[in-house]
Amino acid sequence: MSAASTGPRTTLPPALASWTTLFSDMAEPDLRILAALVEALRPLVERADGAGGQPQGEIDGLGGLGTRGGIERLVASEWLWRDLDSDAFLQRAAERDLLTLEPVYRQAADAGAVLVVVDAGPELLGAPRLVAFAALLCLAGLARRRGARLLWASTATPERRWLGALKRSDAAVLLRESAATSLDAVELERVVAEPVATRAAGRPGASLWLIGGSDLPEAARPCRRITIEERPRLGPDGLAVAADVTVLDATGPVAAARLDLPPEREAVALLRDPFRPRPAPGRPPPRRSAPDRSAAPPDWAPRGLAFAPCGEHLLVARPDGILIVPVTGTSGALRLPVAPHERLVGLAVGRSRIRAACLNVYADDARLTLRSWTFDRSGAAATLDRRIPRDHPLVSPRLPKAVLPPLGTLKRRNRSWLLAADGTAFLVSETRLIDYAPLAGELPLAVTPAGLLMRDRADGVIARRPSDGKVVARFPGRAGSLRPGGGLALCAVRGQPTLGIEQAGGHWHVVSAADGAVAHLGPQGRIIGIVPPYDGVSAQAVEGPLALHLDRDEAGSARLTFRTPDGAAACDPLTLPDATLEAVRVAVDADAVPCIAAARCDAAGFVDALAFGQLDRGWSHLRDLGAFAETVPCLGA
């Protein structure tokens with residue numbers, strides 16, 4: 001017996017039977033996932049295309065297997081079911097699961113073409129990318145049945161070249177790779193204007209299809225759009241994820257459906273390595289290695305003070321709890337008490353709600369609670385109250401009391417993530433605490449005032465909006481090494497997300513999500529962070545971000561200077577009100593105005609003195625924070 005026949009070949013599901021070469025070596029669980037999506041999407045595509053009108057022309061042979069033919073084209077082996085199990089034969093016939101021979105029609109000189117553009121941007125990360133791939137398969141089947149030519153292109157690669165067939169290598173790129181930004185109207189017009197697409201679109205009967213997220217642009221010529229939007233869904237096993245798929249033409253929605261997405265672990269495995277070899281019969285599948293946790297994460301949990309997302313509040317660590325100080329507006333500060341026997345393991349301050357995760361450690365186990373408050377100091381019942389083992393990574397090793405660990409919000413409602421002291425990430429829902437490691441997908445890195453940062457499968461960095469966790473940009477893995485203890489900063493420059501990564505020696509790499517270009521910033525003193533260009537800082541046009549440098553003048557006074565990427569000063573230096581304020585943070589508020597905070601910390605890391613304010617309003621200097629804290633209203637614990 002030859003080596004090629006040592007194991008049985010997987011029988012393709014009927015929905016994928018037309019792509020024998022493409023899926024011949026794919027694992028059965030992955031085939032079931034794709035087949036279910038194709039079966040759910042095919043009626044939507046056919047309805048939008050005129051109820052799947054029949055192909056025209058002269059039959060030119062048989063082109064593969066399908067499930068739509070008449071009884072006269074039934075595959076010979078299917079007749080065996082009638083003799084072996086007539087009930088099963090009738091049931092499969094009723095469910096249209098019997099395989100038939102699919103004819104190929106002779107393509108006339110003026111035969112049409114099916115052109116497909118797939119947006120592989122941030123909106124289709126994860127399981128929605130599988131839906132997009134299944135939609136592409138449905139359109140390829142539509143072109144085959146009509147005897148039309150298939151041409152497709154995706155933004156997964158920088159070339160955006162048009163392809164005439166579904167090859168395994170191209171399908172793997174579509175599933176694995178992602179574009180930094182979503183497809184816009186300008187980029188779409190450039191792709192459609194390629195000569196090969198222009199010639200095909202000029203043929204009678206040609207059709208243009210676009211596949212992408214909810215913000216998919218419209219083309220200059222008539223087209224049909226398939227939009228995919230991820231939605232949370234409450235299922236029998238708890239919170240799950242679904243996808244709302246809508247097919248639109250020039251008049252509006254034509255067909256729509258809600259598809260159940262596969263579990264996150266299965267979807268990530270398929271996306272990560274879609275054509276991985278199957279294990280031999282009787283041999284267990286290889287175990288996937290967990291992420292390397294030997295290196296500490298970047299500075300995800302700052303000590304002393306930090307800006308909350310959106311830059312509207314300042315979080316200050318005190319021995320008796322956390323001060324929540326508004327940077328803008330007239331509302332007063334609040335204090336979140338942290339008892340001596342409690343450990344703060346996560347804190348999130350939004351525009352209307354405060355959430356905190358606290359840990360109580362006992363002799364045999366520990367208790368994790370997640371509570372929330374509104375800014376009118378009204379408390380809410382704990383949304384999570386769970387016992388965890390004493391050796392859980394969240395319990396040991398212990399974080400210093402002066403650290404402000406973040407609690408990140410994800411796109412799905414009532415889900416967030418926590419980071420342990422060693423960088424281990426945990427997914428927190430209303431009822432469960434899940435280790436991120438087996439998911440093998442995105443791993444949280446940090447919470448910055450401008451967004452949540454996560455590492456993807458290709459070692460790139462994904463930026464999510466802090467309000468709802470929606471993906472806003474992806475930065476390539478070559479952007480720069482994420483140095484242990486290094487700083488991270490996110491801002492928008494001319495509307496394009498920009499990431500700053502601190503490197504060895506105080507240098508920073510600044511990466512643009514638009515083209516992946518990397519700029520290098522050298523420190524003049526110490527770089528605190530980066531902000532977008534601001535009219536109050538520089539009257540001249542500045543293309544790149546501004547870096548905030550901290551140094552000292554001849555008299556030894558600490559000063560802050562905003563500098564352009566080439567090192568030139570963009571404004572006069574700002575002198576700190578106290579030379580002992582060494583811990584400095586910078587953020588940008590909702591109006592794109594830079595906000596600066598500087599603090600003096602004691603030996604334990606708690607803040608003694610504080611100065612903060614917006615760039616155009618001067619400093620608010622609190623010389624004795626202990627006396628100030630006595631007058632601050634306290635949140636009910």
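### Some thoughts on the overall build of the protein
Regarding its fold elements, the protein presents 10 helices and 36 strands. Counting across all 637 residues of the protein, residues that qualify as buried make up 51%. When the accessible area of the protein is evaluated, it comes to approximately 29,000 Å², of which 50% is carbon and sulfur surface.

### What to know about empty space enclosed by the protein
For the structure shown, the criterion picks out two cavities of 30 Å³ or more. Here the largest cavity is characterised by a volume of approximately 190 Å³. Along its surface, the largest cavity is lined by 21 residues, and Arg343, Leu344, Leu399, Pro400 and Lys401 are the ones closest to its centre. Residue assignment for the lining of the largest cavity shows that the elements contributing at least two residues are strand 11 (321-326) and strand 13 (342-349). It is strand 13 that contributes the most residues to the lining of the largest cavity, three residues altogether. Split by residue class, the lining of the largest cavity holds 16 nonpolar, one polar and four charged.

### Examining the pattern of salt bridges
The full count for this structure, using the stated rule, is 16 salt bridges. Of the charged contacts, one joins Asp385 and Arg367 as a salt bridge, the two residues approaching to 2.6 Å between their closest N and O atoms. In this pair, Asp385 sits in strand 16 (residues 384-389) while Arg367 sits in strand 15 (residues 365-374), placing the two residues 18 residues apart along the sequence. Its salt-bridge partner being Asp578, residue Arg600 comes within 3.5 Å of it at the nearest N-O pair. A residue pair is termed long-range when its members are at least 10 positions apart, and Arg600 in strand 34 (residues 594-601) and Asp578 in the loop between strand 32 (574-575) and strand 33 (583-588) qualify at 22 residues. What emerges from the salt-bridge pattern is a single network uniting Arg160, Glu187, Arg190 and Glu194.

### Remarks on the sheet that holds strand 31 (residues 558-563)
Taken in spatial order, the four strands make up an open sheet running 29-30-31-32, and their pairing is antiparallel. Of all strands in the sheet, those with a lone pairing partner are strand 29 (526-531) and strand 32, marking the two edges.

### Some remarks on helix 2 (residues 28-48)
For helix 2, with 21 residues, the first-to-last C-alpha span of 30 Å sits near the 30 Å given by 1.5 Å per residue. If you look at helix 2, its biggest bend is around 30°, right at Leu41, and the proline Pro43 turns up within four residues after that.

### Overview of the pairing of strand 29
In terms of residue burial, strand 29 counts as a mostly covered element, since five of its six residues are buried. Pairing of strand 29 with strand 30 (residues 546-552), which is carried by five bridges, proceeds in the antiparallel orientation. Across the sheet, the residue bridging to Gly529 is Leu548, located in strand 30.

### Quick word on the confidence of the model for the protein
Per-residue confidence for the protein gives a mean pLDDT of 78, with 81% of residues at or over 70. Across residues 1-9, confidence stays below pLDDT 50; counting only partners more than four residues off in sequence or on other chains, it has seven contacts. Low pLDDT, under 50, characterises residues 285-296; the stretch is placed with 12 contacts to residues that sit more than four places away or in other chains.

### Description of the sheet that holds strand 36 (residues 620-622)
In space, the four strands of this open sheet follow the order 33-34-35-36, with antiparallel pairing throughout. In this open sheet, the two strands that pair with only one neighbour each are strand 33 and strand 36. Neighbouring strand axes in the sheet, compared pairwise and without regard to direction, differ in orientation by 10° on average. The sheet contact formed by strand 33 and strand 34 spans six bridges and is antiparallel. Bridge pairing in strand 34 links Val586 to Ile596.

### A short note on the packing of helix 2 against helix 5 (residues 127-146)
Helix 5 packs onto helix 2 with a crossing angle of 55° between their chain directions and a minimal axis gap of 8 Å. Taken together, helix 2 and helix 5 sit at an angle that is classed as oblique. Crossing handedness for the pair helix 2 and helix 5: right-handed. Counted together, Ile33, Leu34, Leu37, Val38, Leu41, Arg42, Val45 and Glu46 of helix 2 and Leu130, Val131, Phe133, Ala134, Ala135, Leu137, Cys138, Leu139, Leu142 and Arg145 of helix 5 form the full contact between these two elements. Its residues placed into classes, the contact of helix 2 with helix 5 shows 15 nonpolar, no polar and three charged.

### Digging into the packing of aromatic side chains
What the rule picks out here adds up to one aromatic pair. Plain terms: the ring middles of Phe23 and Phe133 are 6.4 Å apart, the flat faces sit at 70° to each other, and that makes the pair edge-to-face. Of this pair, Phe23 sits in helix 1 (residues 20-23) while Phe133 sits in helix 5, and the two are 110 residues apart along the sequence. We classify Phe23 as buried; its relative accessible area is 0%.

### Examining the nonpolar core
For soluble globular proteins, the rule of thumb is that nonpolar side chains tend to be buried together. Among the nonpolar cores identified, the biggest contains 59 residues, and Phe23, Val116, Trp209 and Ile211 are the most heavily contacted of them. Ranked by residue count, the leading element in this core is helix 5, at 14 residues. Not counting residues up to four positions away in its chain, the partners in contact with Phe23 are Leu12, Leu16, Leu31, Leu34, Phe133, Leu137 and Phe275.

Thresholds, definitions, all that
- Residues numbered from 1 in each chain as written.
- Predicted model: local features only at pLDDT ≥ 70, side-chain atom pairs only at ≥ 80, totals over all residues.
- Heavy atoms only, no water.
- Helix = DSSP H or I, 4+ residues; strand = E, 2+ residues; numbered from the N terminus.
- Buried < 20%, exposed > 50% of the residue type's maximum accessible area, 1.4 Å probe, protein only.
- Areas by Shrake-Rupley, 256 points an atom, 1.4 Å probe, with all protein chains shown as cover.
- 1 Å grid on protein atoms, 1.4 Å probe; cavity = no way out; pocket = protein on both sides within 12 Å on 5 of 7 lines; lining within 4 Å.
- Points joined across faces, edges and corners; volume = space filled by probe spheres on them.
- Nonpolar A, V, L, I, M, F, W, Y, C, P; charged D, E, K, R; others polar.
- Salt bridge = Lys/Arg side-chain N within 4 Å of Asp/Glu carboxyl O.
- Pairing = 2+ DSSP bridges.
- Expected span 1.5 Å × (residues − 1).
- Bend = angle between axes of the 7 residues up to and from the residue.
- pLDDT = per-residue confidence, 0-100.
- Contact = heavy atoms within 4.5 Å.
- Axes fitted to C-alpha atoms, helices over the stretch in contact; angles between N-to-C directions.
- Parallel < 35°, antiparallel > 145°, perpendicular 65-115°, else oblique.
- Left-handed = near helix turned anticlockwise from the far one by under 90°.
- Phe/Tyr/Trp six-rings, centres within 6.5 Å; stacked < 30°, edge-to-face > 60°.
- Core = buried A, V, L, I, M, F, W, Y, C linked by side-chain atoms within 4.5 Å.

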